[in-house]
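Residues per chain, in single letters:
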Amino acid sequence: MPVCATTSCGQNETRNDRIRANEEVLISRILEGEKDLFLELIRPYQRTVYATLISMLGSKEDAEDVTQDVLLRALARLHQFRRESAFGTWLIQIAINEARMRKRKLRHGIMFSLTNGADDDGAYVPKDFADWREIPSEALERSEIRKALAQALTLLEEHYRLAFILRDVNELSITETANILGITRGAVKTRLRRARLMLRDILSPGLQQGGQVGLAFKEVRKPWE
Amino acid sequence: MGITCEEVWRDISDYVDDELDPKQRIALEKHFAECRHCAAVLEGTCNVIRLYRDERALAPPKGFHDRLHQRLDQRLSQGAEQRIHPSRRAVLAWALTAAAAVPLGFALFSAKRIVLPRLGHQSPSGSPDSPAVTGLVAVSEDTDDKVFHIPSCPYLHGKPKFLPVAEAIREGYSPCPICIGKHKPEKKG
């Protein structure tokens with residue numbers, strides 16, 4: 001059983017099968033003309049599409065604008081959905097393509113990054129060994145914590161960021177993540193390891209100090225130098 | 001302690017994803033029980049995942065859902081209108097196509113009338129008995145080259161004499177290789 005998951009693999013599979021069956025019915029009805037059901041179909045994915053886009057584009061306004069474009073595009077292309085993958089996976093693929101196109105168009109997708117280039121397969125040494133036992137659900141009540149989470153993501157190289165978003169935010173499997181990114185499962189695991197440990201290093205000092213994340217960020221901007 | 005801290009850090013993400021074999025898993029769990037630092041790294045990593053997985057992290061801004069639904073509703077109602085009434089653009093496209101078809105048809109009809117009889121006259125086919133070989137060809141009265149041409153051939157020199165192609169062949173004329181060479185009759189025997 002995954003250590004950090006809230007439900008077991010078996011429960012997840014059953015839930016996913018049920019969701020997929022419901023989606024199949026909805027998609028068939030939409031294609032037969034009941035277009036209003038599209039809102040119901042996309043409801044569970046609005047946040048995941050937005051999260052993917054904000055992690056790629058960095059700006060809330062762009063992420064919202066592209067989210068709307070992605071969902072409209074999905075409606076227009078629904079007849080092309082082959083049902084080989086889950087609907088959510090298909091939607092995320094459209095979102096990633098759309099974000100890449102938007103970045104090329106706007107030429108402002110360059111973010112400060114703590115890593116360079118391709119996967120770094122070398123050993124990663126954690127920078128902070130202090131205990132971090134704050135309850136996450138309480139932490140998220142504070143807006144500065146939510147802001148810190150969004151900002152921490154922008155410090156990662158895009159390929160680490162995307163692997164993390166797909167696997168840990170959108171809760172896709174490692175295989176689904178690999179398929180979307182067009183890389184091997186091994187490469188996904190490498191990127192996930194990096195992303196998770198780096199995010200922990202970036203976030204933990206602030207969260208240990210009772211949410212003084214802004215100050216902690218400056219201290220850990222390049223923690224391994 | 002069976003495995004080192006470096007080995008734990010290398011495998012910690014796979015441990016979280018339950019991607020290790022049972023032997024490796026037991027080794028890591030034993031290590032976490034004995035190493036406070038690595039246990040803190042594991043706890044922190046899980047906290048990161050729990051935080052980002054929460055619906056409140058990376059949540060869309062206020063009013064996002066309303067704005068999205070408004071735009072989708074707008075699109076859906078546009079789509080419904082398009083199903084009932086063809087769009088102005090479609091009507092315009094049909095009108096333009098029809099308008100273009102009229103002069104095009106007229107031009108083709110005229111070209112057929114003008115070009116085809118001339119081709120019938122200028123392009124006698126291989127056999128003198130062919131019904132296509134009905135027009136006149138030209139031979140030169142001033143030269144002895146024994147070549148016949150179509151009347152407008154630039155290689156026809158001197159005063160032209162017009163005669164049926166069958167007669168020209170009978171009199172020993174050969175077709176001009178430039179203008180009607182392609183239609184040179186096959187030699188019999």
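What you see is a predicted model, and the numbers here were worked out from it, not measured in a lab. (Residues numbered from 1 in each chain as written. Chains lettered and ligands numbered in written order. Predicted model: local features only at pLDDT ≥ 70, side-chain atom pairs only at ≥ 80, totals over all residues.)

### Regarding the overall build of chain A
Logical step 1: Within chain A one finds eleven helices and zero strands.
Logical step 2: For chain A, restricting intrachain contacts to residue pairs at least 6 apart in sequence, the fraction spanning at least 24 positions comes to 67%. (Helix = DSSP H or I, 4+ residues; strand = E, 2+ residues; numbered from the N terminus. Contact = placed C-beta atoms within 7 Å.)

### So, the nonpolar core
Logical step 1: Residues Leu53, Leu91 and Leu149 of chain A are the most contacted members of the largest nonpolar core, which totals 68 residues.
Logical step 2: With nine residues, the top contributor of residues to this core is helix 3 (residues 36–53) of chain B.
Logical step 3: By size, the runner-up hydrophobic cluster in this structure holds eleven residues, among which are Val137, Ala138, Val147 and Cys176 of chain B. (Core = buried A, V, L, I, M, F, W, Y, C linked by C-beta atoms within 7 Å. Buried ≥ 20, exposed ≤ 12 C-beta atoms within 10 Å, placed from the backbone.)

### What to know about helix 3 of chain B
Logical step 1: Taking 1.5 Å per residue, 18 residues should reach 26 Å; helix 3 of chain B reaches 26 Å between its end C-alpha atoms and fits that length.
Logical step 2: Taken residue by residue, helix 3 of chain B has Cys38, Ala40, Val41, Leu42, Gly44, Thr45, Cys46, Asn47, Val48, Ile49, Leu51 and Tyr52 of chain B as its buried positions. (Expected span 1.5 Å × (residues − 1).)

### Details of the sheet that holds strand 1 (residues 136–140) of chain B
Residues and elements named next belong to chain B.
Logical step 1: In space, the four strands of this open sheet follow the order 3-1-2-4, with mixed pairing throughout. Looking along the sheet, the strands with just one partner apiece sit at the ends: strand 3 (160–164) and strand 4 (174–175).
Logical step 2: The pairing of strand 1 with strand 2 (residues 147–149) spans two bridges and is antiparallel. Paired with alanine 138 across the two strands is histidine 149, which belongs to strand 2. (Pairing = 2+ DSSP bridges.)

### Re the interface of chain B and chain A
Logical step 1: Every contact between the two is made by 41 residues of chain B and, on the other side, 49 residues of chain A.
Logical step 2: Contributions of two or more residues to the side of chain B that touches chain A are made by helix 1 (5–16), helix 3 and helix 4 (64–84) of chain B.
Logical step 3: Take the side of chain B that touches chain A: its biggest share by element is 14 residues, from helix 3 of chain B.
Logical step 4: Of the residues belonging to the side of chain B that touches chain A, the class tally is 19 nonpolar, eight polar and 14 charged. (Nonpolar A, V, L, I, M, F, W, Y, C, P; charged D, E, K, R; others polar.)

### As for the packing of helix 1 of chain B against helix 2 (residues 22–34) of chain B
All names here are of chain B.
Logical step 1: Close contact between helix 1 and helix 2 brings their axes to 11 Å; oriented N to C, the two are set at 115 degrees. With respect to their mutual orientation, helix 1 and helix 2 come out roughly perpendicular. Our pair here, helix 1 against helix 2, has a crossing hand that is left-handed. Residues Val8, Asp11 and Tyr15 of helix 1 form the contact with helix 2, whose own contacting residues are Gln24, Arg25, Leu28 and His31.
Logical step 2: Considered class by class, the residues forming the contact of helix 1 with helix 2 number three nonpolar, two polar and two charged. (Axes fitted to C-alpha atoms, helices over the stretch in contact; angles between N-to-C directions. Parallel < 35°, antiparallel > 145°, perpendicular 65-115°, else oblique. Left-handed = near helix turned anticlockwise from the far one by under 90°.)

### A short note on helix 8 (residues 158–169) of chain A
Logical step 1: With ten of twelve residues buried, helix 8 of chain A lies mostly within the body of the structure.
Logical step 2: In the segment just after helix 8 of chain A, glutamate 171 of chain A is the residue with positive phi, at about 60 degrees.

### Considerations on unusual backbone geometry
Residue and element names in this part refer to chain B.
Logical step 1: Of note, aspartate 18 is a non-glycine position whose phi angle comes to about 60 degrees, a positive value.
Logical step 2: Relative to the elements of secondary structure, aspartate 18 occurs in the loop between helix 1 and helix 2.
Logical step 3: Judged by the 14 C-beta atoms lying within 10 Å of it, aspartate 18 is partly exposed.
Logical step 4: Even without a glycine there, the phi angle at leucine 58 is positive, about 55 degrees.

### Digging into the pairing of strand 1 of chain B
Residue and element names in this part refer to chain B.
Logical step 1: Where strand 1 and strand 3 come together, five bridges link them in antiparallel fashion. Within strand 3, the residue paired with valine 137 across the bridge is leucine 163.
Logical step 2: As consecutive antiparallel partners, strand 1 and strand 2 are separated by six residues, and within that stretch lysine 146 has a phi angle of approximately 55 degrees, a positive value.

### Observations concerning the confidence of the model for chain A
Logical step 1: Summary statistics for chain A give a mean pLDDT of 80 and a share of 74% for residues scoring 70 or more.
Logical step 2: Scored below 50 in pLDDT, residues 212–225 of chain A shows 21 contacts in the model against residues more than four places distant or in partner chains. (pLDDT = per-residue confidence, 0-100.)

### Side note on the packing of helix 4 (residues 60–76) of chain A against helix 5 (residues 87–106) of chain A
All names here are of chain A.
Logical step 1: At a closest axis distance of 9 Å, the pairing of helix 4 and helix 5 adopts a crossing angle of 130 degrees. In terms of axis orientation, helix 4 runs oblique to helix 5. For the pair helix 4 and helix 5, the crossing hand works out as right-handed. Facing Asp62, Val66, Asp69, Val70, Arg73 and Ala74 of helix 4, the residues of helix 5 in contact are Leu91, Ile94, Ala95, Glu98, Ala99 and Arg102.

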